[in-house]
Amino acid sequence: MRTPKLFRFPWRTQRQIVDEIDEELGFHLDMRVRELTGAGIETHEARRRAHEEFGDLEFTRSYCQAMDQRTEASAQSRDRLSAWWQDIRQAWRTIRRNPAMATVSLLTLMLAIGANTAVFSVTRGVLLRPLPYGHPDGLVSLSESPRLDGSASNPISPPNFVDYRSGQHTLSGMAASFGRLVTWRPAAGDPELLDILSVSANSFDLLQRAPLIGRSFVAEDEKDGAPPVAILSWQFWQRSLHGDPGIIGRTITLNALAYTVLGVMPRDFTLGDRVAMWTPMYISGDLARPEVTRKQFYLNVIGRLKPGATLASANADLSTIARRLASQYPEADGDRVPRLVPLHDALVGDLRQSLLLLEGASLLVLLIACVNLANVTLSRTIGRRREMALRAALGAGRGRLIRQLLTESVLLALIGGALGIALALLGTRLLLTAEAGTVPGMFDIHPDASVLGFGLLISIATGIGFGLLPALDAAKADLSGALKEGGRGSSGGPRGERVGRALVVAQVGIAAVLVIAAGLLLRSFAGLLHAPLGFDADHVLTAEVRVSGERYDSTALVNQFYDRVLQQVRQSPDVIAAGATMKLPADGWISSGIVVEGEPTDPTRITEVGYLLARGDYFKALHIPLIAGRLYDDRDTPEAVGAIVVNQAAVKAFFPHGDPVGRRLRLGPDPKAAWSVVIGVVGDVREKGIDAPPVPAVYPYHAQNTWWRSLTLVVRTRGEPTAIEPLLRRAVRDADPTLAVRNVRTLDEILGSDLAARRFALALIGCFGAVALLLAAVGIYGVLAFSVSSRTREFGVRLALGATRGSVLMLVLKRGLIWSMVGLGLGLAGALGAGRLLESRLYGVAATDLLTFATVAAGFVVVVIAACLAPAARATRVDPMTSMRAE
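Residue positions within a chain follow its written sequence, with the count starting from 1. With the structure being a predicted model, the display of local features is reserved for residues of pLDDT at least 70 and the display and counting of side-chain atom pairs for 80 or more, all residues being used for whole-chain, interface and lining totals. Side-chain numbers here rest on the full set of heavy atoms in the structure, without hydrogens or water.

**Things to note about the packing of aromatic side chains**
The description of an aromatic ring pair uses the distance of the two centres, along with the angle that the planes make with each other.
Then, in step 1: Stacked, tilted and edge-to-face are the three classes assigned to paired rings of Phe, Tyr and Trp, where Trp is represented by its six-membered ring and a pair needs centres within 6.5 Å; plane angles under 30 degrees give stacked, over 60 edge-to-face, the rest tilted. Per the stated rule, a full pass over the model turns up 16 aromatic pairs.
Then, in step 2: Ring geometry for F120 and F454: centres 4.0 Å apart, planes at 10°, overall stacked. Within this pair, whereas F120 is found in helix α5 (residues 99-128), its partner F454 is found in helix α16 (residues 449-475), the two being separated by 334 residues in sequence. Of the two residues, F120 and F454, neither departs from the other in class, the shared state being buried.
Then, in step 3: Pairing F619 with Y632 gives two aromatic rings, centres 6.0 Å apart and planes at 45°, and the pair type is tilted. Of the two residues, F619 is situated in helix α20 (residues 618-621) and Y632 in the loop between β16 (626-629) and β17 (642-647); the sequence distance between them amounts to 13 residues. The two residues F619 and Y632 agree in class, both being buried.
Then, in step 4: Each residue in the set Y133, F204, F217, F269 and W278 is aromatic and connected to the rest through ring pairs, giving one cluster. Every helix listed is a DSSP run of H or I at least four residues long, and every strand listed is a run of E at least two residues long, numbered separately from the N terminus. Working definition: with a 1.4 Å probe on protein chains only, accessible area under 20% of the residue-type maximum means buried, over 50% means exposed, and in between means partly exposed.

What follows is the structure in structure tokens.
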């Protein structure tokens, strides 16, 4: 039997193969029939046997027929792919033929898409990515707020936490925590100050996270008198203990107390920013201390909703408990209302508004870029109208023309998007650096597949966005119309002019919104920079110090340490004044109840005041002025009557009937506490933040209230503050070599970091506004330049009939100004609404600030005139004879 051609020529088409098999099949059937009849078998029986023997060839024929159908479908797919590839190659040639336009377009796309991708990367990590806990949707945060101010979120007192935990029925568990600053003494090296978090024993189980190695806390670990234990963070384990796998069961020394290491948490776990380790919180021990009452609010509480429970039902459940506590303890709980919110929302806080603001600004820039590129593309497609008409005359359908033009715009957008994604990688790092102090550490922010997918998606959408309208417009062309409008100077007709005008109006309007937003933020930031803070931050060095251990279990020993440190620092000729405080200005405060002798009080309401311990020459070091009375001196010994300095806001709030100096007041929750005497009045300081107004505050003398062991040293110098850092460290080391100094920074640096997020947001939105304004100017210039070039004959006729060059100049300027002023009017109206979204971020300026709106409007007029001048001047240089002869 011959070898079938099917196996000899495998590269043949399936149709050829089927024909060849038919030939082979007929040949072999005939040969087999002859053989069988020659052997004496009748002809019909021979044919039947031959057909049975060659059934495989029949199957092969059927198979090849099926393959033939598939081949035809594949050929059609290849044809479509070939057509797309042809469109891509044609689009690439078109882009290469216009390098200037391509470069400008790519830069525009790179900035717009890169900004959006970078902002989305941070926004997704903070707002969209779930927290690194098990089933995070069920986690809630519990806080308390005054009845008259439901927006405030205050910590919980330990007794209230116990009552909430034991009385509620809608949460599967509740856990509490509070931060501490401790001194860690490694086996070798200098001591370090560490942030640790004391937590309920069930905290890790509630969050459904287990240690990487070792075990978690159990109920016995938080009982009073239990051996001290700790669980380490992965970062501390790696950085300070070199990832020692045998650390479980060993001890580390914190505040001269040995803690046994139980476990190490995974790398992605975090509970509190910059926390080195977690220790059990001894609730029973805290409640047993007489100084702990319901008026001490320092616990951060989280919980997990039971299956089927809702946030509303849980809030109602806790409110029932709160009403009972308010009736039992009116002085402590009469004015406090519990509030549960999703844990994610509590951690995000005000950061949500900042990110949404940046997201909105970046989207506006992208929209302006689309409008600008649509304008450019429209001008080019109008110039290609004859090309499109000829394509249509040669058989190209409307869909084919639209596909070709969209391929050009999408290809351009994809190239710009690739550059933008590369730019976004750097932009994400800049955003994280600027927001480093405001983004909680549990938010995982890094570019991943979803961010790259977003960049790709927004690139394609942008290409379609700015290419669709010009493509639809160009696809309407016909040969007859193109020849009529497509001569020298064709503008695409009235329709093309209307579309161009609409795009200019949109560009100017959107740009105006962005520029006004940037102007409002700029005025707000300038107001913050020049706001009276109440103190002078120049030439001031700060450093954190904490005393701990049994050797500082008395007031005398604590005073001895701080007095020795401050005295040694003051001996330097470079030091003007040295003091210490529990919290720096603009760094917040601790609230305390206050009762002024002789003033009426309401037992059902808590009268609170800012509580800030100070010692030494603290007020002199910060140039906080003394208004009345005196400051601390040798008369204020630990055995003397408590000395307190108050600010002017406290005088207005608590001493409305006369001079406060010499008046007595009582601080804290204990109604039996001793009275203190006001010895002086100082100026107001922005203690709650540089953008918050001064509030009533009192400054008890730390030498008489040494229960607060961690202070920040404040030193004013004659020269560069950082030059005395070795002196400050040496003074602490000489006073006690076992203690550590942390966060040695200038006060200017601290305030600068507080303003860094605002400064970066301002810079980013300012850049967005500048880009938007530039794109709007380029769009106006492009539309007018194209209009002038397409109306050459008209201007030539006008000049030939006696029109002056000045009138032609005004004609073009008027046209551009009218379009732009319509857009500016719409933008100003839109900015009125957008400004209200900025109100919470503005300081000292209204969202409808007339000066900002007027300045931006005037600036736009100048930019518009500048963009119109060049095309208008070109129109005046038209030679009437040349233009008419050309026509």
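**With respect to the sheet that holds strand β12 (residues 575-581)**
Hydrogen bonds between backbone groups are what pair the strands of a sheet, and the pairing can be parallel or antiparallel.
Then, in step 1: Only when DSSP finds a minimum of two bridges between them are two strands counted as paired. Read across the open sheet, the 5 strands follow the order β15-β12-β21-β11-β22; overall the sheet is antiparallel. Each edge of the open sheet carries a strand with a single partner, namely β15 (614-616) and β22 (741-746). Between one strand axis and the next, the sheet turns by 20° as a mean value, whatever way the strands run.
Then, in step 2: With 4 bridges connecting them, strand β11 (residues 540-546) and β22 associate as antiparallel partners. Of the residues in β22, the one forming a bridge with T542 is R745.
Then, in step 3: The strands that helix α22 (residues 725-735) touches are β11, β12, β21 (710-717) and β22; relative to β22, the one it contacts most, it runs at about 155°. Each axis is a line fitted through C-alpha atoms, taken for helices only over the stretch in contact, and angles between the N-to-C directions span 0 to 180 degrees. Contacts between residues were defined by any pair of non-hydrogen atoms, one from each residue, lying within 4.5 Å.

**Brief notes about the environment of A309**
Then, in step 1: By the element assignment, A309 lies in the loop between β9 (300-305) and α10 (311-328).
Then, in step 2: On the basis of relative accessibility, which here comes to 22%, the residue A309 falls in the partly exposed class.
Then, in step 3: For the pair A309 and S172, spaced 137 residues apart in sequence, the C-alpha separation works out to 9.7 Å.

**Some details on the pattern of salt bridges**
Any two side chains of opposite charge can pair, given that their charged atoms come close.
Then, in step 1: Salt bridges are counted wherever a side-chain nitrogen of Lys or Arg sits within 4 Å of a carboxyl oxygen of Asp or Glu. Counted according to the given criterion, the structure contains 16 salt bridges.
Then, in step 2: Here D563 ties to R615 by a salt bridge, and the two come within 2.8 Å at their closest N and O atoms. With D563 in helix α19 (residues 555-570) and R615 in strand β15, this residue pair connects regions lying 52 residues apart in the sequence.
Then, in step 3: For R615, a relative accessible area of 1% translates into the label buried.
Then, in step 4: Where E597 meets R664, a salt bridge forms, and the shortest distance between an N and an O atom there is 2.9 Å. Of the two residues, E597 is situated in the loop between β13 (590-596) and β14 (608-611) and R664 in strand β18 (residues 664-667); the sequence distance between them amounts to 67 residues.
Then, in step 5: By relative accessible area, which is 33% here, E597 ends up partly exposed.
Then, in step 6: Residue R664 is classed as partly exposed on the basis of its relative accessible area, which comes to 32%.

**So, the confidence of the model for the protein**
Then, in step 1: pLDDT expresses, on a scale from 0 to 100, how confident the predictor is about each individual residue. Summing up the model confidence of the protein, the mean pLDDT is 80 and the portion of residues at 70 or higher is 82%.
Then, in step 2: Segment residues 1-12: pLDDT under 50, and 16 contacts once partners within four positions in sequence are set aside and those in other chains are kept.
Then, in step 3: Below pLDDT 50 for its whole length, residues 485-492 participates in 20 contacts with residues either more than four positions away or in separate chains.

**Thoughts on the pairing of strand β7 (residues 257-264)**
Then, in step 1: Relative to β7, strand β4 (residues 213-214) runs antiparallel, the two sharing 2 bridges. Paired with G214 across the bridge in β7 is G263.
Then, in step 2: By the bridge criterion, 4 bridges tie strand β5 (residues 229-232) to β7 in an arrangement that is parallel. In the strand pairing of β7, L232 is matched with V264.
Then, in step 3: Sheet topology places strand β6 (residues 251-254) next to β7; 4 bridges connect them, and they run antiparallel. Pairing of T251 across the sheet is with T260, part of β7.
Then, in step 4: Once β6 ends, the chain turns through 2 residues before running back antiparallel as β7, passing N255 with a positive phi of about 50°.

**Quick notes on the side chain of E222**
Then, in step 1: With respect to the helices, strands and loops of the structure, E222 is situated in the loop between β4 and β5.
Then, in step 2: Here the positive residues are Lys and Arg and the negative ones are Asp and Glu; neither His nor the chain ends is included. The side chain of E222 is buried and forms no salt bridge, while R165, the nearest opposite charge, is found at 4.6 Å.
Then, in step 3: Nitrogen and oxygen atoms within 3.5 Å of one another constitute a polar contact, given that in protein one can donate a hydrogen and the other can accept it, and given that sequence-neighbouring residues count only through two side-chain atoms. Among the polar contacts listed, one links the side chain of E222 to the backbone nitrogen of A201, at a separation of 3.1 Å.

**With respect to unusual backbone geometry**
Then, in step 1: Look at H242: it is not a glycine, yet its phi comes out positive at around 55°.
Then, in step 2: Mapping H242 onto the fold places it in the loop between α8 (234-241) and β6.
Then, in step 3: What makes H242 exposed here is its relative accessible area of 69%.
Then, in step 4: Here the phi dihedral of N743 falls at roughly 55°; this positive angle occurs in a residue that is not glycine.
Then, in step 5: By secondary structure assignment, the location of N743 is in strand β22.
Then, in step 6: A relative accessible area of 34% places N743 in the partly exposed class.

**Observations regarding the nonpolar core**
Then, in step 1: With 152 residues, the main nonpolar core has F535, F561 and Y699 as its most contacted residues.
Then, in step 2: When residues of this core are assigned to their parent elements, the largest contribution, 16 residues, is made by helix α23 (residues 747-790).
Then, in step 3: In contact with Y699, not counting residues within four places along its chain, are L612, Y618, F619, Y632, A643, I644, V645, N647, V682, V685 and E687.
Then, in step 4: Within the second largest apolar cluster, 21 residues are counted, among which are L131, A201, M265 and W278. Residues enter a nonpolar core if they are buried and are Ala, Val, Leu, Ile, Met, Phe, Trp, Tyr or Cys, with the set joined through side-chain atoms within 4.5 Å.

**Comments concerning the environment of V126**
Then, in step 1: In this structure, V126 sits in helix α5.
Then, in step 2: What makes V126 buried here is its relative accessible area of 0%.
Then, in step 3: Placed 218 residues apart in sequence, V126 and H344 show a C-alpha to C-alpha distance of 8.9 Å.

**Brief notes about the packing of helix α6 (residues 158-167) against α10**
Then, in step 1: Interaxial distance between α6 and α10 falls to 10 Å at its minimum, and their mutual angle equals 130°. Between α6 and α10, the angle is such that the two are oblique. Crossing of α6 over α10 shows right-handed handedness. The segment α6 lies against α10, with N160, D163, Y164 and G167 engaging D317, L318, I321, A322 and L325.
Then, in step 2: Classes in brief: Ala, Val, Leu, Ile, Met, Phe, Trp, Tyr, Cys and Pro nonpolar; Asp, Glu, Lys and Arg charged; the others, Gly included, polar. Class assignment for the residues of the contact of α6 with α10 results in 5 nonpolar, 2 polar and 2 charged. Roughly parallel here means an angle under 35 degrees, roughly antiparallel means over 145, roughly perpendicular means 65 to 115, and every remaining angle is called oblique. A clockwise turn of the near helix away from the far one marks a right-handed crossing, whereas an anticlockwise turn of less than a right angle marks a left-handed crossing.

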